Amino acid sequence: GGYVATDRLIPIIKMYTLRKGISGKDLGKRGTEFSSRDVPEALGVVPGSIFLICLTFCLVGYATSHPTKLLDCNSALLSICFMLFLGFTDDVLDWPWRYKLFLPTIASLPLLCCYEGSTSIVIPIQLRSTLMKDGLLTPLSKLLCYFVVVDANADGAIVNLGIWYLLYMSMLAVFCTNAINIYAGINGLEAGQSYVIGCAVLLHNLIEIQSDSQSKENHLFSVMIVLSFVGVTLALLKHNWYPASVFVGDTYCYFAGMVFAVVGILGHFSKTLLLFFIPQVINFIWSIPQLFKLVPCPRHRLPKFNAKTGLMEPSTFECKPHEYRWLKFLSNGNKNGTEVANMTVINLFLQIFGPMSEGNLCTALLVGQILCCSLGLFFRYNLAQVFFDE
Amino acid sequence: MNLNGHILSSIPFLPPCYLLVNILLDYSPLQVVTSWVQSFVQRHVQVGNDSIDLSSFQTLHDDGTVLVGPQLLAYVIVALFGYWATDYLIPAIKAYTLKRGISGKDLGKRGTALAEKDVPEALGIVPGAIFLICLILCLVGYSTSHPTKLLDLNSALLSVCFMLFLGFTDDVLDWPWRYKLVLPTVASLPLLCCYSGSTSIVVPIQMRSWLMQQGNLTILGKMSCYFIVVDENADGAIVNLGLWYLLYMGMLAVFCTNAINIYAGINGLEAGQAYVIACAVLFHNLLEIQADSQSKENHLFSAMIMLSFLGVTLALLKHNWYPASVFVGDTFCYFAGMTFAVVGILGHFSKTLLLFFIPQVLNFIYSTPQLFKIVPCPRHRLPRFNAKTGLMEPSTFVCKPDQYRWLKKRRDDTQVANMTVINLTLQLFGPMSERSLCIVLLGGQIIFCTFGLFVRYYISLFFFDN
């Protein structure tokens with residue numbers, strides 16, 4: 001239902017955004033006749049609204065069968081709705097970066113206030129001896145007791161983080177939203193990566209439900225949310241794939257990030273979720289020098305389009321021949337070049353595999369995402385036993 | 001706003017303020033705040049320490065339910081924060097909307113130097129967002145003392161948030177009229193889905209004999225049974241509307257939002273009317289709380305929402321009052337309308353709420369010919385500004401001398417005043433400045449709200465027996 005509604009509404013609503021100037025130019029097509037066409041932006045509002053409506057209907061059915069979880073569902077929806085609203089104001093009013101980091105924290109407040117689950121974490125087996133030896137607290141854990149509560153009975157296995165867990169939850173929301181936001185720039189990438197991660201989460205949920213584990217309730221709840229999300233995202237992807245007829249805008253990145261944070265927190269599988277986010281994490285780490293201005297950071301870092309060959313190439317920033325030599329090893333070994341490729345995974349890809357068309361690049365990156373998600377699932381089910389004992 | 005404005009704005013707030021202080025004066029506010037800080041510190045900083053010492057101040061009744069006074073004080077503090085935050089943020093954010101072209105020209109100042117100035121619009125998002133944050137903070141405190149009502153509060157916030165979002169998309173993307181009517185219905189869906197209260201209404205005494213006579217259903221009663229359930233035990237007094245009640249709730253949301261939206265056009269009117277109605281609702285809530293009626297819970301819930309709403313609206317009014325430095329946009333009308341619909345529905349006093357909306361209802365009824373295009377309807381119907389006299393005059397639409405004679409003062413005019421209450425006021429009382437006009441209209445709102453309260457408490461005894 002969500003897919004059909006989104007699919008039909010996007011073309012209608014893109015007229016409105018175009019008319020009011022909420023649009024941008026497709027920077028990946030400079031030099032072709034496409035480059036001067038205004039492409040409607042911020043179409044993330046459509047899947048967002050349809051998603052909320054779908055979940056409201058799910059809520060009706062859910063209310064009768066799971067009365068205890070209804071509050072969770074409501075506060076989750078409130079957080080997502082608030083994030084969608086703040087995200088849309090960002091697309092329209094264009095807040096500076098320091099506000100952008102603040103928005104997801106505010107939007108995650110309902111979730112934090114209504115969270116009544118466990119705030120404890122399980123310590124990996126290897127680290128437990130650093131906290132407790134022979135039934136007595138070590139000096140390290142005595143130090144930690146000023147901040148957290150080490151559960152003496154469980155022999156160092158469980159640590160109750162209390163209010164720090166809530167802080168971790170809101171940081172997760174900030175991270176998910178902005179990680180998707182910076183791993184972007186080419187047609188279909190934001191919607192595509194969310195689609196792949198959504199499918200991975202869904203798979204994880206279904207495996208857990210099938211194996212009838214003790215957290216079946218939580219995973220069923222997560223399935224409900226992610227199914228609607230996958231539906232609306234697929235419809236958006238259909239319109240956003242190369243060549244894109246609509247742009248998703250920051251609205252969609254905020255929306256998707258918050259949805260993932262919400263299911264991770266309320267489904268109690270945030271560590272698994274972070275495993276699915278490996279490409280985004282790598283992109284973030286690789287971008288740190290530019291984000292923290294250790295290295296110059298231009299306004300847009302998406303790949304450059306070469307009109308003659310019709311392929312994408314890494315975008316660059318200017319520098320003197322002797323600067324940043326440690327970065328130049330990748331670009332044809334020229335240690336005295338005056339240009340350095342921008343430090344994003346997308347550009348890195350192009351440097352390693354050579355120039356390719358936008359459609360192929362997106363496909364390649366999404367395949368990489370699928371591989372990383374599979375790896376994440378592998379870790380979760382096979383290697384996790386090395387660190388945790390259950 | 002100068003001193004005059006401060007005095008004027010406090011008039012509607014005086015009655016609820018009096019009651020508020022009355023309830024709160026039973027306890028010393030300073031004591032309450034210190035005990036909260038103490039219990040918060042104990043609960044969160046010393047994690048794992050189970051004993052919480054509240055002996056310094058008692059916040060519980062003997063039977064375990066939380067006292068009303070401290071709660072209200074908490075909500076007042078949150079509302080004050082809301083006022084301060086909105087007041088601080090509006091000037092900061094108006095620069096952004098101006099930069100992106102979300103602005104309009106002040107049509108009420110044509111012919112003066114101000115007419116060319118771009119006034120930032122859609123500043124309704126600021127009170128809206130601050131309101132949501134305030135209520136989330138209230139949620140934290142509310143969840144510990146009223147666990148059963150938490151779901152209601154969440155679904156209410158979700159509806160208001162969704163409405164705020166859709167309202168902002170309307171301000172930015174400018175939907176046509178048919179979508180504007182659907183938006184509030186969509187936004188009220190969470191409220192409808194989670195509504196777990198009664199769907200019955202009480203029938204007025206005079207009408208009960210139509211439904212039941214001497215213990216048997218009348219013909220009308222039997223016919224109605226095809227749609228609704230008549231409660232035979234109560235002798236025709238209670239009728240369970242079921243799904244039709246939910247439809248009524250959805251329609252209430254649509255009505256409230258659009259009623260505020262069309263009763264607008266001059267500086268300070270939208271925010272002002274919302275402020276006056278909110279004061280009236282708050283007063284009604286406090287009366288019920290003080291009288292310790294059986295619906296005290298619902299009214300406390302409603303008071304919590306109204307206090308924060310008052311705080312943010314007052315700050316917005318300060319910037320929107322004549323001469324306006326910001327416009328509230330459709331965003332605020334949607335936001336305010338939905339908030340009122342939510343408190344009316346969840347507090348179970350929607351009939352009283354509609355009594356407070358009498359000026360908006362009158363405006364809607366009077367505008368009906370133009371809204372349904374029976375009579376020509378220009379794009380803007382706000383009063384015209386006469387640059388020479390500096391006063392507002394009724395705006396008009398052009399027609400032939402022989403048309404619409406039933407509307408005209410002089411039978412052969414070629415212009416007819418637009419049919420809104422604002423223009424009607426100008427026609428009755430003559431041209432006046434924009435500021436005076438707004439004050440007169442808000443004064444009318446206060447009179448009607450007082451009248452509504454009077455009807456609720458005295459005349460309703462004629463129709464209902466409790």
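Residues numbered from 1 in each chain as written. Chains lettered and ligands numbered in written order. Predicted model: local features only at pLDDT ≥ 70, side-chain atom pairs only at ≥ 80, totals over all residues. Heavy atoms only, no water.

Caption draft 1: Focus on the overall build of chain A. Looking only at helices and strands, one finds 15 helices and 11 strands in chain A. Looking at the 390 residues of chain A, the share that counts as buried comes to 54%. Across chain A, the fraction of contacts at a sequence separation of at least 24, relative to all contacts at a separation of at least 6, is 72%. (Helix = DSSP H or I, 4+ residues; strand = E, 2+ residues; numbered from the N terminus. Buried < 20%, exposed > 50% of the residue type's maximum accessible area, 1.4 Å probe, protein only. Contact = heavy atoms within 4.5 Å.)

Caption draft 2: Quick look at the overall build of chain B. Looking only at helices and strands, chain B features 18 helices and 11 strands. In chain B, buried positions account for 52% of the 466 residues. In chain B, the share of contacts with a sequence separation of at least 24, taken over all contacts with a separation of at least 6, comes to 73%. Counting only carbon and sulfur atoms, one obtains 64% of the accessible surface of chain B, whose full area is about 21,200 Å². (Areas by Shrake-Rupley, 256 points an atom, 1.4 Å probe, with all protein chains shown as cover.)

Caption draft 3: Representation of the state of the cysteines within the structure. All names here are of chain A. Applying the stated rule across the entire model yields zero disulfides over all chains. Looking at Cys253, it has no disulfide partner, and the nearest cysteine sulfur is the one in Cys176, 12 Å off. On the accessibility criterion, Cys253 (2% relative accessible area) is buried. Free cysteine: Cys372, not disulfide-bonded; nearest cysteine sulfur from Cys373 at 7.1 Å. (Disulfide = S-S within 2.5 Å.)

Caption draft 4: Structural view of the side chain of A:Ser75. Along the chain, A:Ser75 falls in helix H3 (residues 70–93). Relative accessible area serves as the criterion here: at 1%, A:Ser75 is assigned to the buried category. Excluding anything up to four places from it in sequence, A:Ser75 contacts A:Pro110, A:Leu111, A:Cys114 and B:Asn154.

Caption draft 5: How the structure looks around the interface of chain A and chain B. Each side of the interface is counted separately: chain A has 41 residues, and chain B has 39 residues. Between the two partners, chain A and chain B, sit zero residue pairs in polar contact (both at pLDDT 80 or more). Of all elements in the fold, only helix H1 (2–19), helix H2 (45–65), H3, helix H4 (97–107) and helix H5 (109–113) of chain A reach the threshold of two or more residues within the side of chain A that touches chain B. For the side of chain A that touches chain B, the leading source of residues is H3(A), giving 15 residues. Its residues assigned to classes, the side of chain A that touches chain B shows 31 nonpolar, six polar and four charged. (Polar contact = N/O pair within 3.5 Å; in protein donor to acceptor, adjacent residues only side chain to side chain. Nonpolar A, V, L, I, M, F, W, Y, C, P; charged D, E, K, R; others polar.)

Caption draft 6: Examining the environment of A:Cys199 more closely. Residue and element names in this part refer to chain A. Mapped onto the elements of the fold, Cys199 is located in helix H9 (residues 189–210). Cys199 gets classed as partly exposed once you look at its relative accessible area, which sits at 30%. Through-space distance from the C-alpha of Cys199 to that of Asp72 is 22 Å; in sequence the pair is 127 residues apart.

Caption draft 7: Seen up close, the packing of helix H6 (residues 150–173) of chain B against helix H7 (residues 177–187) of chain B. Residues and elements named next belong to chain B. Viewed as axis vectors pointing N to C, H6 and H7 meet at an angle of 155°, and their least axial separation amounts to 8 Å. Taken together, the axes of H6 and H7 lie roughly antiparallel to each other. In this structure, the crossing between H6 and H7 has a hand that is right-handed. Contact residues: H6 offers Ser159, Phe162, Met163, Leu166 and Asp170, while H7 offers Lys180, Leu183, Pro184, Val186 and Ala187. Its residues assigned to classes, the contact of H6 with H7 shows seven nonpolar, one polar and two charged. (Axes fitted to C-alpha atoms, helices over the stretch in contact; angles between N-to-C directions. Parallel < 35°, antiparallel > 145°, perpendicular 65-115°, else oblique. Left-handed = near helix turned anticlockwise from the far one by under 90°.)

Caption draft 8: Representation of the nonpolar core within the structure. Core analysis: the largest hydrophobic core is formed by 205 residues, its most contacted members being A:Phe82, B:Phe309 and B:Phe340. Looking at this core, the element that brings in the most residues is H3(A), giving 16 residues. Not counting chain neighbours up to four residues away, the residues in contact with A:Phe82 comprise A:Ile106, A:Ala107, B:Ala129, B:Leu132, B:Ile133, B:Ile136 and B:Cys161. (Core = buried A, V, L, I, M, F, W, Y, C linked by side-chain atoms within 4.5 Å.)

Caption draft 9: Fine view of the pattern of salt bridges. All names here are of chain B. Per the stated rule, a full pass over the model turns up one salt bridge over all chains. With a closest N to O distance of 3.6 Å, Glu288 and Arg456 form a salt bridge. Here Arg456 lies in helix H18 (residues 434–463) and Glu288 lies in helix H12 (residues 269–290), a separation of 168 residues in the sequence. Residue class for Arg456 comes out partly exposed when judged on its relative accessible area of 26%. (Salt bridge = Lys/Arg side-chain N within 4 Å of Asp/Glu carboxyl O.)

Caption draft 10: Representation of the packing of aromatic side chains within the structure. In this structure the tally under the stated criterion is 23 aromatic pairs over all chains. Ring centres of B:Phe309 and B:Phe332 lie 6.4 Å apart, and the angle between their planes is 10°; on these two criteria the pair is classed as stacked. Of the two residues, B:Phe309 sits in helix H13 (residues 296–320) while B:Phe332 sits in helix H14 (residues 329–346), which places them 23 residues apart along the sequence. For B:Phe332, a relative accessible area of 0% puts it in the buried group. Measuring from centroid to centroid gives 6.0 Å for B:Phe332 and B:Phe335, while their planes differ by 65°, and the two rings are edge-to-face. Pair noted here: B:Phe332 and B:Phe335 are both in helix H14, with a separation of three residues, about one helical turn. Relative accessible area serves as the criterion here: at 0%, B:Phe335 is assigned to the buried category. Members of the aromatic cluster, connected to one another through ring pairs, are A:Phe51, A:Phe175, A:Phe229, A:Tyr252, A:Phe255, A:Phe260, A:Phe277 and A:Phe284. Here the guanidinium or amino end of B:Arg456 rests over the ring plane of B:Tyr457, the centre of that ring lying 4.9 Å away. (Phe/Tyr/Trp six-rings, centres within 6.5 Å; stacked < 30°, edge-to-face > 60°. Lys NZ or Arg CZ within 6 Å of the ring centre and 35° of its normal.)

Caption draft 11: Region of interest: helix H13 (residues 278–291) of chain A. Residues and elements named next belong to chain A. In this model H13 runs 18 Å from its N-terminal to its C-terminal C-alpha over 14 residues, within 8% of the 20 Å that 1.5 Å per residue would give. Where H13 bends most, the angle comes to about 30°, and this point is Ile285, followed within four residues by the proline Pro289. Of the positions making up H13, those classed as buried are Pro279, Gln280, Asn283, Ser287, Pro289 and Gln290. One or two steps after H13, the chain reaches Lys293, where phi turns positive at roughly 60°. (Expected span 1.5 Å × (residues − 1). Bend = angle between axes of the 7 residues up to and from the residue.)

Caption draft 12: Main features of the packing of helix H8 (residues 163–182) of chain A against H13(A). All names here are of chain A. At their nearest, the axes of H8 and H13 sit 10 Å apart, and the two run at 75° to each other. Overall, the two elements H8 and H13 adopt an arrangement that is roughly perpendicular. Contacts between H8 and H13 involve Phe175, Ala179 and Ile182 from the former and Gln280, Val281, Asn283, Phe284 and Leu291 from the latter. Counted by class, the contact of H8 with H13 contains six nonpolar, two polar and no charged residues.

In short, shape yes, function no, at least from these values alone.
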